[in-house]
Amino acid sequence: MKIAVLASGRGSNLQAIIDAIAVGSCAAEIAVVLSDKADAYALERASKSGIPNFSVNPKGFENKAAYENKLLEYIRQYNCEFIVLAGYMRLVGETLLAAFPGRIINIHPALLPAFPGLHGQKQALDYGVKVAGCTVHFVDCGMDTGKIIAQRVVPVLQDDDEDSLSARILEQEHSVFPYVIDKIAKGEIYLENNKVIIKE
Ligand code: GRF
């Protein structure tokens, strides 16, 4: 399965997917990496692994649809069948959603539906929950509201700060994301009638 990975920042989840593919534990191929930020380290990681990558500045377009159509040009040029959001810090619009219905996933650093949006880890700490984690979900038009595919749980420790909790969650992100992508590539996870089907 050829995938496009969209990332806005450091790209550690992208790296985890690259590494999993390299050792044969993720049956996908990253055909292209796209970013809305020209200086995203994710682009450098892609280059280092020989993966075509491009930045597209949303400000250069008159509206979101035009921006997403540019992304779609690349996504189609590289024959991608699926889109993976790995730290992509924008709400996906109807142009991408309509072009890839049920074929876009995201990872969020909280146990959805709790703590959607920015700084999920800090929201969890501020609330005082005793467990936190991450969620992989299909993307719909809401903010972190799509159907949940997989979650991993970590403890919140007494002396945690945002950094320590984020690091503990990130370790789980790096394991669950390639795992889910692998199962999607093998046809073992999919969306049917708005329900997530998982074949064990
Ligand atoms: C991760 O915590 C992910 O859950 C969230 O954004 C962060 C991206 O980190 N959506 P990285 O760029 O993959 O290192």
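Residues numbered from 1 in each chain as written. Predicted model: local features only at pLDDT ≥ 70, side-chain atom pairs only at ≥ 80, totals over all residues. Heavy atoms only, no water.

Asks: Just checking my understanding: could you explain the sheet that holds strand 1 (residues 2-6) for this structure?
Replies: Backbone-to-backbone hydrogen bonds join strands into a sheet, with any given pair of strands oriented parallel or antiparallel. Taken in spatial order, the seven strands line up as 3-2-1-4-5-6-7 in an open sheet, and their pairing is mixed. Among the strands making up the open sheet, the edge pair consists of strand 3 (53-55) and strand 7 (148-155). The average undirected angle you get between the axes of adjacent strands in this sheet is 20°. Here strand 6 (residues 131-138) pairs with strand 7 via seven bridges, running antiparallel. Looking at the pairing, His137 lines up with Ile148 of strand 7. In this fold helix 1 (residues 12-22) packs onto strand 1, strand 2 (29-35), strand 4 (82-85) and strand 5 (104-108), with an angle of close to 165° to the strand it touches most, strand 2. (Pairing = 2+ DSSP bridges. Helix = DSSP H or I, 4+ residues; strand = E, 2+ residues; numbered from the N terminus. Axes fitted to C-alpha atoms, helices over the stretch in contact; angles between N-to-C directions. Contact = heavy atoms within 4.5 Å.)

Asks: How should the packing of aromatic side chains be read in this particular structure?
Replies: The description of an aromatic ring pair uses the distance of the two centres, along with the angle that the planes make with each other. Using the criterion set out here, one finds four aromatic pairs in the structure. Taken together, a centroid distance of 5.9 Å and an interplanar angle of 55° make the contact between Phe115 and Tyr127 tilted. Of this pair, Phe115 sits in the loop between strand 5 and helix 5 (120-127) while Tyr127 sits in helix 5, and the two are 12 residues apart along the sequence. The exposure class assigned to Phe115 is buried, which follows from its relative accessible area of 16%. Classification of Tyr127 by relative accessible area gives exposed; the value is 65%. Taken together, the aromatic side chains of Phe54, Tyr74 and Tyr78 make up a single cluster linked through ring pairs. Positioned above the aromatic ring of Tyr67 is the side chain of Arg90, whose terminal nitrogen or guanidinium carbon lies 5.9 Å from the ring centre. (Phe/Tyr/Trp six-rings, centres within 6.5 Å; stacked < 30°, edge-to-face > 60°. Buried < 20%, exposed > 50% of the residue type's maximum accessible area, 1.4 Å probe, protein only. Lys NZ or Arg CZ within 6 Å of the ring centre and 35° of its normal.)

Asks: Help me understand the packing of helix 1 against helix 6 (residues 162-185), please; the structure alone is not making it clear to me.
Replies: Two measures define how a pair of helices packs: the angle their axes make with one another and the distance between the axes. The geometry of helix 1 relative to helix 6 is characterised by a closest axis approach of 9 Å and an angle of 50° between their N-to-C directions. It follows that helix 1 is oblique to helix 6 by the angle criterion. Helix 6 is crossed by helix 1, and the crossing has right-handed handedness. In this structure, helix 1 contributes Ser12, Asn13, Ala16, Ile17 and Ala20 to the contact, and helix 6 contributes Leu170, Glu173, His174, Phe177, Pro178 and Ile181. (Parallel < 35°, antiparallel > 145°, perpendicular 65-115°, else oblique. Left-handed = near helix turned anticlockwise from the far one by under 90°.)

Asks: Teacher, can you tell me more about a negative patch on the surface here?
Replies: Residues Asp159, Asp161, Glu162 and Asp163 make up a contiguous surface patch of negative charge. With respect to the helices, strands and loops of the structure, Glu162 is situated in helix 6. We classify Glu162 as partly exposed; its relative accessible area is 30%. (Patch = residues over 30% accessible without salt bridge, like charges linked within 9 Å, V, L, I, M, F, W, Y side chains within 5 Å. Areas by Shrake-Rupley, 256 points an atom, 1.4 Å probe, with all protein chains shown as cover. Salt bridge = Lys/Arg side-chain N within 4 Å of Asp/Glu carboxyl O. Lys, Arg positive; Asp, Glu negative; His and termini not counted. Charge placed at Lys NZ, Arg CZ, Asp CG, Glu CD.)

Asks: Is there a simple way to think about the pattern of salt bridges in this case?
Replies: Using the criterion set out here, one finds six salt bridges in the structure. Linking Asp160 and Arg168 is a salt bridge whose minimum nitrogen-to-oxygen distance equals 2.7 Å. Salt-bridge contacts for Asp182 lead to Lys186; the nearest nitrogen and oxygen are separated by 2.9 Å. For Lys186, a relative accessible area of 47% corresponds to the partly exposed category.

Asks: So what exactly am I meant to see when it comes to the site of the ligand here?
Replies: Around the ligand, the neighbouring residues are Arg10, Gly11, Ser12, Asn13, Gly87, Ile107, His108, Pro109 and Glu173. Ser12 places a side-chain nitrogen or oxygen 2.5 Å from an oxygen atom of the ligand. Residue Glu173 places a side-chain N or O atom 2.7 Å away from an oxygen atom belonging to the ligand. Burial of the ligand by the protein amounts to 87% of the accessible area it has alone, namely 370 Å². Put simply, the parts of the chain that give the shell around the ligand at least two residues each are helix 1 and strand 5. Along the lines of polarity and charge, the residues of the shell around the ligand split into two nonpolar, five polar and two charged. (Near = heavy atom within 4 Å. Polar contact = N/O pair within 3.5 Å; in protein donor to acceptor, adjacent residues only side chain to side chain. Nonpolar A, V, L, I, M, F, W, Y, C, P; charged D, E, K, R; others polar.)

Asks: Is there a simple way to explain unusual backbone geometry in this structure?
Replies: Working note: non-glycine residues mostly have negative phi, and peptide bonds are mostly trans. Residues Leu112 and Pro113 are joined by a peptide bond in cis, for which omega reads 10°. For Pro113, the position within the fold is in the loop between strand 5 and helix 5. For His119, which is not a glycine, the phi torsion comes out positive at approximately 55°. Here His119 shows up in the loop between strand 5 and helix 5. Despite not being glycine, Asn194 has its phi angle at roughly 65°, a positive value. Examined against the element boundaries, Asn194 turns out to sit in the loop between strand 8 (189-192) and strand 9 (195-198).

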